[in-house]
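Structure at a glance
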Protein chains: 2
Amino acid sequence: MTTEATSQTGRQRPLVEQNLPVFQTIPGHYDQTPFFLTQDMLGGQPIEIAGGEISDKVGKPVAAPHTHEVPEIYVLMSPEAGGAVIEVMADGETHELVSPAVMLIPAGTVHCFVTKKAEPGSYCLGVLLTGGTSVTAG
Amino acid sequence: MTTEATSQTGRQRPLVEQNLPVFQTIPGHYDQTPFFLTQDMLGGQPIEIAGGEISDKVGKPVAAPHTHEVPEIYVLMSPEAGGAVIEVMADGETHELVSPAVMLIPAGTVHCFVTKKAEPGSYCLGVLLTGGTSVTAG
């Protein structure tokens, strides 16, 4: 799916991926999860990026409590500050994130979230710090 | 700025950062750059995340051509597919990215971009793969 490859000199070249999102199966998630970056894109990078726009997700959890073998960073953004609010459960404690906000979910932490508020153009991304190993099973 | 610390047992705990974005100086950028994640947040992670909403950036480059010592991944998103278009210059070649899209800017690549189209709620993020070393100078 990548439009350019490493050059013959070995110097890495810019790579573009546009067939997005791709949908993959993540343990604990009710539906297939949209990904903007997976291990088989851009030559293989040390992160994966899941998630997307959440204005249609208010009150609808996307996953049951689950864990990953790698750390995850939630990134909550909205056009206006305070435009998005999510409630994250992590190891039994609840954290309210008001956009813009980031949160570290350490490897092995039982976690999930539900969107409480999301103006149009609000996003919650999960950046998985895979270090190069895919955590997806799809 | 972090609301929780590593527990006394050494097991990493969830961490939240909400005083965002922070603005830092990046070589080549015309203004201070908004960051959602820097090395001094969330206990120090191997990535930094810059950028933001771009619907007011059409036709306005945010930086002159510049390089980083680490790879960068552009993440272009919009509520509707095709809602955002950026033109990326990388090592003298031009790449048109149509949302959703990701692009790898290898370390040392001379690069910059200009927004050509961006519906409200469009974002361009630059995820810097620092591996733990800050690339900011602010």
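Figured I'd write up the structure that's included with this text.

Scoring rules and cut-offs
- Residues numbered from 1 in each chain as written.
- Chains lettered and ligands numbered in written order.
- Predicted model: local features only at pLDDT ≥ 70, side-chain atom pairs only at ≥ 80, totals over all residues.
- Heavy atoms only, no water.
- Helix = DSSP H or I, 4+ residues; strand = E, 2+ residues; numbered from the N terminus.
- Buried < 20%, exposed > 50% of the residue type's maximum accessible area, 1.4 Å probe, protein only.
- Contact = heavy atoms within 4.5 Å.
- Areas by Shrake-Rupley, 256 points an atom, 1.4 Å probe, with all protein chains shown as cover.
- Polar contact = N/O pair within 3.5 Å; in protein donor to acceptor, adjacent residues only side chain to side chain.
- Pairing = 2+ DSSP bridges.

**Comments concerning the overall build of chain A**
Counting its secondary structure elements, chain A contains zero helices and ten strands. Across chain A, helices and strands are ordered from the amino to the carboxyl terminus as β-β-β-β-β-β-β-β-β-β. Looking at the 138 residues of chain A, the share that counts as buried comes to 52%. Taking all contacts inside chain A whose residues are at least 6 apart in sequence as the whole, residues at least 24 apart take part in 65%. Accessible surface, chain A: about 5,800 Å² in total, of which carbon and sulfur atoms supply 51%.

**Brief notes about the side chain of Gln 45 of chain A**
Residue placement: Gln 45 of chain A occurs in the loop between strand S3 (33-37) and strand S4 (48-53). At 2.8 Å, the side chain of Gln 45 of chain A and the backbone oxygen of Leu 42 of chain A are in polar contact.

**Thoughts on the environment of Gly 83 of chain A**
All names here are of chain A. Mapped onto the fold, Gly 83 is located in the loop between strand S5 (72-77) and strand S6 (84-90). Judged by relative accessible area, Gly 83 falls into the buried class, the value being 5%. When the C-alpha positions of Gly 83 and Ser 55 are compared, they lie 9.9 Å apart, and in sequence the two are 28 residues distant. Residues within four places of Gly 83 in sequence aside, it is in contact with Ser 78, Ser 99, Lys 117, Ala 118, Glu 119 and Ser 122.

**Quick word on the pairing of strand S8 (residues 101-105) of chain A**
Among the five residues of S8 of chain A, five are classified as buried, and the element is accordingly described as predominantly covered. Both faces of S8 of chain A are covered, namely the face carrying Ala 101, Met 103 and Ile 105 of chain A and the face carrying Val 102 and Leu 104 of chain A. Relative to S8 of chain A, S5 of chain A is paired through five bridges, and the arrangement is antiparallel. Counterpart to Ile 73 of chain A in the pairing with S8 of chain A is Leu 104 of chain A. Alignment of S8 of chain A against strand S1 (residues 15-17) of chain B, held across three bridges, turns out to be antiparallel. Bridge assignment links Leu 104 of chain A to a residue of S1 of chain B, and that residue is Leu 15 of chain B.

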